[in-house]
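# Secondary and tertiary structure notes
Below, each chain spelled out in residue letters.
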Amino acid sequence: MSTETANHESHVHRDDEGAKIGMWLFLFTELLLFGGLFILYMAYRYQYSQEFHLAAKELDITMGTINTMILLTSSLTMVLSIVALRKGNKLYSMLYLIITKVFALGFLVIKYFEWSAKIHHGIYPGSEHLADMSNGQVIFYGLYYTMTGLHGLHIIIGMVILAFMLNFISRDKVTPDNYVKLENGGLYWHLVDLIWIFLFPLFYLLH
Amino acid sequence: MATQGVDTNYTSFLDYQGKHKGIFAWILSTDHKRVGILYLISMLGFFAVGMTLGFLMRFEMLSTGRTIMEPQTYNAVFTLHGIIMIFLFIVPGIPAAFGNFFLPIHIGAEDVSFPRLNLASWWLYTIGGLFTIVSLFLSGGPIDTGWTFYVPYSLRTTTEVIFPLLGAFILGFSSILTGINFVTTVHRLRAKGMKFFRMPLFVWSLYSTAWIQIIATPVIGITIILVVIEQYFGVGLFDPAKGGDPILFQHLFWIYSHPAVYIMILPAMGVVSEIIPTFARKHIFGYKAIVFSSLSIAFVGYLVWGHHMFTSGMSDTSRWIFSFFTYIVAIPSAVKVFNWVATMYKGSIKMSAPFAFVMAFIILFSIGGLTGLVLGSLSTDVHLHDTYFVVGHFHYVMFGGTAFIFFAAIHYWFPKMFGKMYNEKTALWSIGIMFVGFNMLYFTMFILGYLGMPRRYYDYLPQFETLHQVATVGSWVLIAGILLMAYNLIKAFRSGEKAPANPWGGLTLEWTMPSPPPLLNFLEEPVVTHGPYDYELLEEEGDEHGNS
Amino acid sequence: MNNEKLQHSEDHSPGYGMNVLIWMSLLGLTALTVAIAGIDLGNYTLFVAMVIAAIKSILVINVFMHIKFDDLIFKVFLLVTLTILAVVFILTAFDVFYR
Amino acid sequence: MLSGATNYAESVDSTMILIVAISLFFLIGITVTMIYFVFRYSRKRNPKATQIHGHVGLEIAWIVIPLALVMVMFYYSYTSYKNIRETANESLIVDVKGRMWQWDYTYPNGKKSDTLYIPVDKVTRLEMRSEDVNHSFYIPAFRLKEDVIASRNTYLILTPKVKGVFDVACAEYCGLNHSYMYSTLKVVGQDWFDRWYESENTGLAQAPEQEVTNEEKTEQKANQFAQNLRDHKNFNLLKKHTCITCHSTDGSVFTGPSFKGLFDGDTEIYDDEGNTRIIEIDRDYILNSIIDPNKEIAVGFKKYMMPTHKGRISDEELNAITDMFMELIQK
Ligand code: HEA
Ligand code: HEA
Ligand code: CUA
Ligand SMILES: [Cu+2]
């Protein structure tokens, strides 16, 4: 571990358990961040339940389901990457990581098509088409765009983290007996998955 | 700087020359002590700005109509005053400055768990502060929404709100990093023998605070993001014209901001629990009761945010529920106050500056807290909400509570941090003057509020003029006290006497090391065999002025 | 520092098989929730969907995120956080549902 | 002290007294005990401390006793507040509109007003809505306030027991003129109220009919006055002090009354009690309107809209302005 500034003869302790505690605490903050949005969802769904159902008809269940499956599978490959590394199989570990990233990309591509289809239909914040709809529908799409958008942002951040992990493994900075970084990256990735597990039924399965 | 203290063959963290020179040796240092001092200095800077704005506000209130500024200026001034005081001074406050410095020492560690994150948090703090300052000079002009950023006004105003909002977001991030660091440090880096119930109460209070920082701060984060998104894209989530509900904004805002008031006060309570035993030479009364009251404040704090919204138009059911819980949350604070006073019983008390601050604190915080009870009551709050009564309440708890203890902490740890002593007598005088000015300034506000003077008012009805003038004069007295204190400390920093390792006879671990502390804190790895307040052991050993 | 804790608790962590099993259940549950969404359950639609989502997340948290195999302290932390999250939801609901 | 105007206000005050009394008891108790300890157990008097670690009984006592006391506080405040929220048999419903920075009242028969008139001893319900940002309808004498928001109606229930004139303030920050968003609440007798309610009159009750003997002639005179004013050499002083941003010269109504209305040399004003009278415009009146503008307010306009110009305008300028008006009025 390079400590460019802590160059005094500080004894750098390796504390995997501590690193994991730190990561979990960070995940809690993410949980609460999305929690705020889910509170809004709860309130508005109660207030506008008819309009929500109406608006949700525009969303494509098939796309949503495929994306869910993709994300769940990417979570699996993420775990497998850790298992492989722990078993000493550096190559497989990297391979699984790459597959995870490919899935993540796939998720984003599908998301992109979904969004652009909506936007093509004139449904986007501030559009005239939306302005003609009822308040409840405007709010539904407002929530849809912010929540899936923020989730998408997290996918992108996750991909960046995974890229670092890939690099670390290849440079032997993450090794079969020092892989807490990879584990923490994995935890982050699962969190992104967890959020989606809730977003999916709340937006797509409203029929 | 020459070496000081009893032990001369060590490098103090102040003298240490690392890879970087000059200012970089500080702003790139991951040493928790240096980060703590960076925080301390930057916070004092912002605090001085905030106080100057407070002074200007009081000056404007000297007479009806215009005194020195236009309405728009006034609105910007109280907003900036609030933002600076809350987000840049009192929330990072004691944890970031004294927590960073003393938490690792108190538990016998060399540093925090994630030193680089710690430095990053200071950088984020600085950047967040800059965002806020920069916004003053952007085209829209300084933000005028009040520190609460209530929608829809914050969506409609033409002033620059994005930058201060992003600033607050970044500051939130900084606060979260501090929280994560502290929780992990407490769990992982305690020295041998430092059992949980041997930790000083200051550490316990920081630990509870850290949890609030972690859990509550993200909620303000998302709230801010939503307002920014609303400004740019108009998604409508908070815009009544599009079906959004402004009350939901208030919910999200206060879900953070009420627990945040405990982020402000808990560390101060921790410092009080250190200072009283030290100067009374006596074991703290009810150690575990204080520990659990800290933890329970951290939890119960989430149940009461709605007491800021009694008149907001939320449902009547939730009004009484929140009022009920507000009363519950007062109990742990009461427990602490009683335990502190009980600690003084049969002590051997030395009235020095930190202790005098604590006495002022107990009175002022009690007044602030008890007026909190008036506000927690449904029927009275409906009358007093958004009047000067509330302004009085929160200045009592934040200024009389936290800021006074911030000053106390400076005086308590000044010899340790900088290795110099200040003039005790001058310090006591400044405390006296501040106490008088403080009450003149803020007690008047309770009366004003009860008479129906709303807050955030540029101008007021003639019948309020006399009371406003009393308050303004009070602010001048207060200023005199603060300036005297600042002068005394600056003089001590320049040319104070050398401080011994343990000037007060305290028992926590920082007093076992020379002043200022060595680079890696402990010259040898500490082993803890007794609690932080076991003064009976000290007496048995017959050890008086505790040279270690 | 507690050196014994520095090592990983390797023996507990699940291998390939267990993880694949979990993954299959997750896919199954996804299919289930989509299928149920087609049926009109009236007021229970949301409830059922949320229960399934909760089961899925329990699987992910316990196995993929190996909370189940970690120290007790992680479980306590998670429980505290989730409790606070629940409290915040419930108290907001008292406003929204009782207006 | 601010006296209460409703039974509810009195119940609020007694709750307040209860809480303050309990609080004072604790505050004084704590302060006195602390100061006593500091003296009695000072290091001089008591060089050696007695080590006491705690006492379970005491801990329980000071959890349970405060808990009981705060529950008492909660009970009183809750019951008194509950009464005021229950929709009793209201005899009048008034729509209240809040907007930057003004309150408007609409009555069931469509009558509009900018002063809130309600009958004494009757239950009035205010249905409130904002047109823009949040405001808060605050009647200090009634100890009541409720935010006024744009997304849905909020309400207040008023049951005044005395007649009188009360201030209504805006207690939710709403921008530039937040502190000037005052309005007036007038509690009047039922008879009086009925007469007002049925009349065409929107402003103040006993406002006499405008004397319009010869409308055209008056109008001409007024226009001439306005023209003379604009042409006057000292008119630029009114520009310099930005008077004309609030006071038009062509009769249109902005924040303050139009200068045009001064042509006939008299004006109708009201005082704090809400009484109106017609006065002749003289030098003193003009001077006062600039130096102490909130003492006498023209009918139809609100108090505290204009800041004093004392100290912001030189004596020469003041004289010049006054001379100008007097000269023009005489013409
Ligand atoms: C340091 C910060 C801090 C602290 C610690 C507190 C503590 C408390 N606050 Fe305060 N509060 C603020 C900061 C703080 N507050 C701020 C900033 C605002 C305004 C925000 C804004 O609108 O801008 C505010 C506003 C505020 C309101 C909303 C007012 C309104 O806008 O209408 C309410 C209402 O219930 C309230 C209540 C309380 C209560 C019950 C406590 C309790 O925790 C107090 C507990 C303490 C005691 C009770 C005293 C000590 C005990 C004794 C002396 C023993 C005797 C005790 C008993 C008999 C119980 N506060
Ligand atoms: C910690 C928090 C804190 C502190 C310490 C203060 C300090 C002061 N505040 Fe406060 N205030 C707030 C937090 C705080 N404030 C908040 C959150 C609000 C709400 C904002 C909103 O409504 O949005 C508020 C609002 C507020 C108002 C209400 C505005 C309104 O509603 O219209 C007023 C009015 O008088 C006021 C006055 C003051 C004064 C006179 C001081 C004085 O204490 C200042 C006096 C002292 C000085 C002027 C010192 C000068 C000395 C120096 C500059 C050198 C010091 C140097 C060193 C220490 C090194 N403040
Ligand atoms: Cu309207 Cu303040
Ligand atoms: Cu609060």
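Refer to the preceding data block for the structure.
As a starting point, this report considers the structure included with it.

Definitions and limits used
Residues numbered from 1 in each chain as written. Chains lettered and ligands numbered in written order. Predicted model: local features only at pLDDT ≥ 70, side-chain atom pairs only at ≥ 80, totals over all residues. Heavy atoms only, no water. Helix = DSSP H or I, 4+ residues; strand = E, 2+ residues; numbered from the N terminus. Buried < 20%, exposed > 50% of the residue type's maximum accessible area, 1.4 Å probe, protein only. Contact = heavy atoms within 4.5 Å. Areas by Shrake-Rupley, 256 points an atom, 1.4 Å probe, with all protein chains shown as cover. Lys, Arg positive; Asp, Glu negative; His and termini not counted. Charge placed at Lys NZ, Arg CZ, Asp CG, Glu CD. Phe/Tyr/Trp six-rings, centres within 6.5 Å; stacked < 30°, edge-to-face > 60°. Lys NZ or Arg CZ within 6 Å of the ring centre and 35° of its normal. Core = buried A, V, L, I, M, F, W, Y, C linked by side-chain atoms within 4.5 Å. Pairing = 2+ DSSP bridges. Axes fitted to C-alpha atoms, helices over the stretch in contact; angles between N-to-C directions. Patch = residues over 30% accessible without salt bridge, like charges linked within 9 Å, V, L, I, M, F, W, Y side chains within 5 Å. Salt bridge = Lys/Arg side-chain N within 4 Å of Asp/Glu carboxyl O. Buried area = accessible area lost by both parts, 1.4 Å probe. Polar contact = N/O pair within 3.5 Å; in protein donor to acceptor, adjacent residues only side chain to side chain. Nonpolar A, V, L, I, M, F, W, Y, C, P; charged D, E, K, R; others polar. Donors = N, O, S within 2.8 Å, 3.2 Å for Na, K, Ca; no water. Tetrahedral: all angles 85-135°; square planar, octahedral: opposite > 155°, others 65-115°.

### A few points about the overall build of chain A
- Helix and strand counts for chain A come out as seven helices and zero strands.
- Traced from its N-terminal end to its C-terminal end, chain A shows the element sequence α-α-α-α-α-α-α.
- Taking the principal axes of the C-alpha coordinates as reference, chain A spans close to 65 × 35 × 25 Å.
- A burial count over chain A gives 62% of its 207 residues as buried.
- Long-range pairs, those at least 24 residues apart, make up 83% of the contacts in chain A with a sequence separation of at least 6.
- Summing over all exposed atoms, chain A offers an accessible surface of approximately 7800 Å²; the carbon and sulfur share of this is 65%.
- Across chain A, the centroid of the 13 positively charged side chains sits 7 Å from that of the 16 negatively charged ones.

### Remarks on the packing of aromatic side chains
- Applying the stated criterion across every chain, the model contains 104 aromatic pairs over all chains.
- Where Phe37 of chain D meets Tyr41 of chain D, the ring centres are 5.7 Å apart and the plane angle is 55 degrees; that geometry is what we call tilted.
- Accessibility expressed as a relative area gives 10% for Phe37 of chain D, which makes it buried.
- Overall, the relative accessible area of 8% leaves Tyr41 of chain D in the buried class.
- If you follow Arg34 of chain B out to its NZ or CZ, it ends over the ring of Trp26 of chain B, 4.5 Å from the centre.

### Comments concerning the nonpolar core
- Ranked by internal contacts, the top residues of the largest apolar core, which has 372 residues, are Phe98 of chain B together with Phe137 of chain D.
- Counting residues per element, this core draws most heavily on helix α9 (residues 246-280) of chain B, which supplies 22 residues.
- Look past the residues within four positions of Phe98 of chain B in its chain and what remains in contact with it is Leu40, Leu103, Phe202, Phe406, Ala409, Ile410, Trp413 and Met417 of chain B.
- Ranked by size, the runner-up nonpolar core spans 25 residues in total, among them Ala222, Leu237, Leu262 and Met324 of chain D.

### Concerning the sheet that holds strand β10 (residues 183-188) of chain D
All names here are of chain D.
- The five strands are arranged β4-β10-β9-β6-β7 in an open sheet whose pairing can be described as mixed. Single-partner strands in this sheet number two, and they are β4 (115-119) and β7 (144-148). Going across the sheet, the axis of each strand differs from the next one's by a mean of 25 degrees, ignoring polarity.
- Across five bridges, β4 lies against β10 in parallel orientation. Within the sheet, the bridge partner assigned to Pro119 lies in β10 and is Val188.

### Structural notes on a nonpolar patch on the surface
All names here are of chain C.
- A cluster of nonpolar side chains, Ile39, Leu41, Tyr44, Phe47, Val51 and Ile55, forms an exposed patch at the surface whose accessible area comes to about 580 Å².
- Within the secondary structure layout, Ile55 lies in helix α2 (residues 44-64).
- Ile55 sits in the partly exposed class, given a relative accessible area of 40%.

### Observations regarding the interface of chain C and chain A
- Chain C puts 46 residues into the contact, and the matching count from chain A is 49 residues.
- Across the chain C to chain A interface the summed buried area is about 4400 Å²; carbon plus sulfur atoms make up 77%.
- Summed over the shared surface of chain C and chain A, the result is one salt bridge.
- The partner of Asp70 of chain C in a salt bridge is Lys20 of chain A, with the nearest N and O atoms 3.1 Å apart.
- For the interface between chain C and chain A, the tally reads four residue pairs in polar contact (both at pLDDT 80 or more).
- Contributing elements (two or more residues each) for the side of chain C that touches chain A: α1 (16-38), α2 and α3 (72-96) of chain C.
- Classifying every residue of the side of chain C that touches chain A gives 31 nonpolar, ten polar and five charged.

### Points about the coordination of the iron atom of ligand 1
Residue and element names in this part refer to chain B.
- From the protein, the iron atom of ligand 1 takes a single donor atom, His393 (NE2), 2.2 Å away.
- The distance between the iron atom of ligand 1 and the copper ion (ligand 4) is 4.4 Å.
- Position of His393 among the secondary structure elements: in helix α14 (residues 388-418).

### Structural notes on the environment of Pro47 of chain D
- Looking at the element boundaries, Pro47 of chain D is found in the loop between α1 (7-40) and α2 (56-85).
- A sequence separation of 111 residues divides Pro47 of chain D from Leu158 of chain D, and the C-alpha atoms of the two residues are 64 Å apart.

### A look at the coordination of the iron atom of ligand 2
Residue and element names in this part refer to chain B.
- Protein-derived ligands of the iron atom of ligand 2 are His81 (NE2) and His395 (NE2), with the metal-ligand distances lying across 2.0 Å.
- Seen from the iron atom of ligand 2, its six donor atoms lie at angles of 85 to 180 degrees, and the figure they make is octahedral. Here His395 lies in helix α14 and His81 lies in helix α3 (residues 71-90), a separation of 314 residues in the sequence. In this structure, His81 and His395 share a single accessibility class: buried.

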